[in-house]
Amino acid sequence: SIPASVTSIGVEAFLQCGRNAAALTVTFAEGTSPMTIGSAAFAESNLTSITIPNRVTSIGNYAFHQCTNLASVYVMASTPPALGELAFDGNASGRKIYVPASSVGDASTDGTYKHNWSAYADDIEAFPVTATGDCGTNCTYTLYGNGQLVISGSGAMENYNDYNYSPAPWNSSHRN
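As a starting point, this report considers the structure included with it.

Rules used in this analysis
Residues numbered from 1 in each chain as written. Predicted model: local features only at pLDDT ≥ 70, side-chain atom pairs only at ≥ 80, totals over all residues. Heavy atoms only, no water. Helix = DSSP H or I, 4+ residues; strand = E, 2+ residues; numbered from the N terminus. Pairing = 2+ DSSP bridges. Axes fitted to C-alpha atoms, helices over the stretch in contact; angles between N-to-C directions. Salt bridge = Lys/Arg side-chain N within 4 Å of Asp/Glu carboxyl O. Core = buried A, V, L, I, M, F, W, Y, C linked by side-chain atoms within 4.5 Å. Buried < 20%, exposed > 50% of the residue type's maximum accessible area, 1.4 Å probe, protein only. Contact = heavy atoms within 4.5 Å.

1. A short note on the environment of Ala21
Considering the arrangement of structural elements, one finds Ala21 in the loop between β1 (8–9) and β2 (35–37). The sequence separation of Ala21 and Asn46 amounts to 25 residues, and the corresponding C-alpha distance is 7.6 Å.

2. Topic: the sheet that holds strand β5 (residues 72–75)
Ordered in space as β3-β5-β7-β8, the four strands form an open sheet in which the pairing is parallel. Sheet topology places β3 (49–52) and β8 (124–126) at the edges, where each strand pairs with a single neighbour. For this sheet, the mean inter-axis angle between neighbouring strands, taken without regard to orientation, is 25°. Summarising the sheet, β5 and strand β7 (residues 96–99) pair through three bridges and their orientation is parallel. The residue bridging Val73 from the neighbouring strand is Ile97, located in β7.

3. Some thoughts on the pattern of salt bridges
On inspection of all chains with the given rule, the structure shows two salt bridges. A salt bridge links Asp123 to Arg95, with the nearest nitrogen and oxygen atoms 2.3 Å apart. One end of the pair, Asp123, is in the loop between α1 (113–116) and β8; the other, Arg95, is in the loop between β6 (82–83) and β7, and 28 residues separate them in sequence. For the salt bridge of Glu125 with Lys96, the shortest nitrogen-to-oxygen distance reads 3.1 Å.

4. Comments concerning the nonpolar core
Within the largest apolar cluster, 30 residues are counted, with the highest numbers of intra-cluster contacts made by Ile37, Ile52, Phe64 and Phe88. Contributions of two or more residues to this core are made by β2, β3, β4 (56–59), β5 and β7. Sequence-distant contacts of Phe88, that is, excluding residues within four places in its chain, are made with Ile52, Phe64, Leu70, Val73, Leu83, Arg95, Ile97, Trp117 and Tyr120. Listed in part, the seven residues of the second largest apolar core include Cys139, Tyr141, Leu143 and Trp170.

5. Re the pairing of β4
On a regular strand, one side chain projects to one face of the sheet and the next to the other, so that they alternate. Across three bridges, β2 lies against β4 in parallel orientation. Residue pairing across strands places Ile37 opposite Ile59, the latter belonging to β4. The pairing of β4 with β6 spans two bridges and is parallel. Across the sheet, Ile59 pairs through a bridge with Leu83, a residue of β6.

Pasting the structure below:
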């Protein structure tokens, strides 16, 4: 678990960590200070999935290189962090990099993941949708797998302030 007070993960900090053990799990505490992930910081480790918090501003060369079990990368930032060379090369076959839907973009749109992280454009997808539906008149919601909730539309949203009588439809205990 990486606390919110950490602003930099140094070069080779977790190189080959958990390589001969069960899957390595890394969690980042929420924070507001910008954070960097150094070169080869997690290279050759036994990560299977990682969520990179929105406060990460840069990911160094080879940061997740040869993490052969890394199948899912969730990047929370709407603006793509600066990305070093070969940062995600040698990951699990079929690996996906999930990013906010509004930031996927394409090869020609600067400031989007598919443009800024062009080496991995074929692996980049929007966060998977967990739930979607109506939440008012001409008002819809989409809940993504990363916990991001997007309310859209031109109408009034229902009032969900009384949990016992009108629970929010995106609340997991009330979805089917």
